Amino acid sequence: MDLGQINPLLLLASLMVAATPILLAAIGEAVVEKSGVLNLGVEGMMITGAVVGFAFGVNTGAPSIGFVAAAVAGAALSMLFGVLVLYLKSNQVATGLGLTLFGLGLSALIGKPYEGIKAPTMAKWEIPLLSDIPVLGPIMFRHDPMVYVSLIIVALTWYVLTRTRAGLILRGVGENHNAAHALGYKVIRVRLMAIAFGGACAGMGGAYISLVRVPQWVEGMTAGAGWIALAIVVFASWRPWRVLLGAYLFGGISVLQLNLQAAGVPIPVEILAMSPYLITILVLVVISLRGNHGAPGSLGREFHATH
Amino acid sequence: MTGDMRQGDALMTLEGLTKAYPGVLANDQVSFSLLPGEVHALLGENGAGKSTLVKMIYGLVKPDAGQMTLNGDDFTPVNPAAARAAGVAMVFQHFSLFDALSVAENIALGMDNPPSTRELASRIREVSQAYGLPLDPDRIVGDLSAGERQRVEIIRCLLQNPKLLIMDEPTSVLTPQEVEILFETLRKLTSEGTSILYISHKLEEIRALCEHATILRHGVVVDTCDPREKSARELAELMVGDKLHVPSRDPAEPGAVALSLSGVSMPSPSEFGTDLRNVSLEVRKGEVLGIGGVAGNGQDELLAVMSGEARAQDGSITLAGEEINTLSPGARRARGLLTAPEERLGHSAAPEMSLIENALLTGSVREKLVDRGFLRWNKTEKFARRIIEAFDVRTPGPDNAAGSLSGGNLQKFVIGREVLQNPDVLVVNQPTWGVDAAAAASIRQSLLDLAHKGAAVIVISQDLDELMEISDRFTALNEGRLARPVPTQGLSVEEIGLMMGGAEDGEVAA
């Protein structure tokens, strides 16, 4: 065992990379759930985003186009869910699970020709001045653009939800759709937009795995990241900054346990492998024990416009 | 019938408004007009079309035919925002507050162009003080009392300086003191020229507040009147279109003691509840005991300790001489003590479940609806049908969800379900809350009939008229203490007031 070979700076830097897919998916889902819809199809939208993003990235040679395509693909798939749930009033849980299964199958089909190909690399952005700060610079300011994009999305989500009228309406719709309808808000339209946002975020999160993190296409490569994103949203009490905390905690421990395995720490591999899940859930449970949990009042409920 | 002289200077006129839903003509050629600064009552039984009518005025529902004018101009709101912009505001009966959001956020959601958060907070303070409805903009609505929650809705409307304020059942959840405050606010508003369209089942309140009433029956305007010149009974008969049946029975000698509580004390199970303190009472077979008092003085706790949902810490509860304090609700039901709590949706009925399933929930033991662990659906359905028939519950069938029934119909079902199980003792809390006059009369009659057949009945209610009408003896809860019961006959308003105010036993009984 040689713990000396673990470089803490590298570890912290790779934490952000490891956490970004889950962060993107979770922040999107947080918005969807804030509007009162439970979309369990995150995993399916992520994997679809992963394969579509990879295909576009490889064919155009530009990962950025891959991310845009992944966002569009995720949003398109989520609209399928949106129409089923909001207009045809299908059960949200069953439809979401179906979406996940559908996404896994669809991605395997699309991805067949792309197996074994390497993704085009994405240039890192070294932010001038900031990246030269000792210690902090390499950890925080020498990443690919999507890491920054994901952080900006979290900040914007927080701002919009808590500081703007659009966010207030979205929270109102999620809290009590009958009241929102009675006051004249378009419940279904608001929810459709939230679902599309969630789909786009999940799609980008998936593409980040196939284009940056791995970077190649492997069938089923999201490996449950969508489910972790869903859990993080709940344990983060639907708050954007806690979602960030949860995602980075999970990412951090995933990276750390891999390093520990490599260093030959005498802990069974199984325990190390399960540690990110255990610790993330534990920490977020402790946080959510205090204060209000804030599940949106209409979460998962069917909405019928009454006359 | 409203007369042309009213239309000339009217604030709003409705002309031939018609709205049909599949199978029902909710509004048929409804016409009337509203004067500036008047309180106009809209009367009718549950399902008479009042809600549909106000939803058309508020832009939530489009009329199939007919016109509206506001200040002489055509008024066809396409959505609530358009109605609000034109000066029409509405306070809803339910469904319009967001529990997890703050007072200020709730108010902002009801406005079209809310000012910045800080400015809104100061305007909320200002307006709420001016109308005597103090309100803290930062509090979370879910933590507020029913009266405070309604203030939020009213302030939300007042901030838009409405010309017409629509109020749907505004007093059904308020204590008498809160009603007084509300009426003062409304009078202040009308003195400033705002008109109010007021929907309520409480006819005495309408007589006290309204200058004009339009009466709807089955979607048609059947009459208009000045409610101050009519008695509550005449108004009720106009609504029903028939002689109102006044509950009656032959007085009978009360029999043996059926249920008795002695020295019962219990800390409230809920955070904002009231502890019961040394409560003693006796109710005899064939007798109706009325328990009055302002809401929140221990009514829910008293019902819970009798039903078995909570256990008394001190004291004893005996049913026909047997100590039952440690028995579960099911065991008490089996022995003949049945209860119907106040909250229809969620406490006395499961809203998402069908009437058949709801019939099973409390009837399984006494009606033998379960056989060796298996549910006997046929028998249960028969039981549900029996309730529906005997209590005139209006529903397409027993398969319908309890939550789809109107409040009055569900209340009839909930009370009927207990009455038909032939209880030895029946305890009901607020049996006619939010129920129209005809349904209330039939519920009261069923309670009296039950007592006449020899059951002991305890009615907990905030409606003093109701208690005076049906109870043999009266007592009141005040901060978890129960006054000594006295015969209802010949009881004066002063004495009742003293009991509700918590006077010592001796003073009242004298």
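The structure displayed is predicted, hence computed values, not measured ones.

Asker: Can you explain the domain arrangement of chain B? Please cite residues and give values.
Answerer: All names here are of chain B. Assigned domains within chain B: domain 1 (4–240) and domain 2 (257–509). Put simply, the middle of domain 1 and the middle of domain 2, counted by C-alpha atoms, are 32 Å apart. Facing the 12 residues of domain 1 at the interface are 13 residues of domain 2. No other element matches the three residues that helix α9 (residues 232–240) contributes to the side of domain 1 that touches domain 2. Residue composition of the side of domain 1 that touches domain 2, grouped by class: five nonpolar, five polar and two charged.

Asker: An account of the interface of chain A and chain B is needed here, citing residue identities and associated values.
Answerer: Contact residues are listed per partner, giving 14 residues for chain A and 18 residues for chain B. Put simply, the parts of the chain that give the side of chain A that touches chain B at least two residues each are α7 (165–175) and α8 (177–182) of chain A. The element contributing the most residues to the side of chain A that touches chain B is α7(A), with five residues. Residue composition of the side of chain A that touches chain B, grouped by class: five nonpolar, seven polar and two charged.

Asker: Break down the sheet that holds strand β3 (residues 39–43) of chain B for me, citing the residues and quoting the values.
Answerer: Strand pairs in the sheet, formed through backbone hydrogen bonds, run parallel or antiparallel to each other. All names here are of chain B. Taken in spatial order, the six strands make up an open sheet running β6-β7-β8-β3-β9-β10, and their pairing is mixed. This sheet does not close on itself; its edge strands, each paired only once, are β6 (88–91) and β10 (220–225). The average undirected angle you get between the axes of adjacent strands in this sheet is 20°. Relative to β10, strand β9 (residues 212–217) runs antiparallel, the two sharing five bridges. Each bridged residue has a counterpart across the sheet, and for I215 the counterpart in β10 is D223. Against the sheet, helix α2 (residues 50–57) touches β3, β6, β7 (164–168), β8 (195–199) and β9, its axis set at about 150° to β7. Packing of α9 onto the sheet brings it into contact with β3, β9 and β10, and relative to β9 it is tilted by some 35°.

Asker: Can you lay out the nonpolar core for me, pointing to particular residues and giving the numbers?
Answerer: Grouped together as the largest cluster of nonpolar side chains are 231 residues, with contacts concentrated most on I22(A), A26(A), I232(A) and I166(B). In terms of residue count, the dominant contributor to this core is helix α9 (residues 187–213) of chain A (16 residues). Each of domain 1 (4–240) and domain 2 (257–509) of chain B accounts for three or more of the residues forming this core. Beyond its immediate sequence surroundings of up to four residues, A26(A) is in contact with A229(A), I232(A), V233(A), V243(A) and A247(A).

What counts, and where the lines are drawn
Here the residue numbering is sequential within each chain, running from 1 through the sequence in written order. Chains and ligands are labelled by the order in which they are written, letters from A for the one and numbers from 1 for the other. In keeping with the model being predicted, local features are shown solely for residues with a pLDDT of at least 70 and side-chain atom pairs are shown and tallied solely at 80 or more, while totals for entire chains, interfaces and linings include all residues. Note that the domain bounds reflect an automated or database-derived domain assignment. In this description, any two residues whose backbone-derived C-beta atoms lie within 7 Å of each other are considered to be in contact. Put simply, DSSP marks the helices as runs of H or I at least four residues long and the strands as runs of E at least two long, and each gets a number from the N terminus on. Note that Gly is not counted as nonpolar here; it falls among the polar residues with everything else outside the nonpolar set of Ala, Val, Leu, Ile, Met, Phe, Trp, Tyr, Cys and Pro and the charged set of Asp, Glu, Lys and Arg. At least two DSSP bridges between two strands are needed for those strands to be called paired. A fitted line through C-alpha atoms represents every axis, and for helices the fit uses only the stretch in contact; the resulting angles, taken between N-to-C directions, go from 0 to 180 degrees. Under the definition applied here, buried Ala, Val, Leu, Ile, Met, Phe, Trp, Tyr and Cys residues are grouped into a nonpolar core through C-beta atoms within 7 Å. Using C-beta atoms placed from the backbone, we call a residue buried if 20 or more other C-beta atoms fall within 10 Å of its own, exposed if 12 or fewer do, and partly exposed for counts in between.

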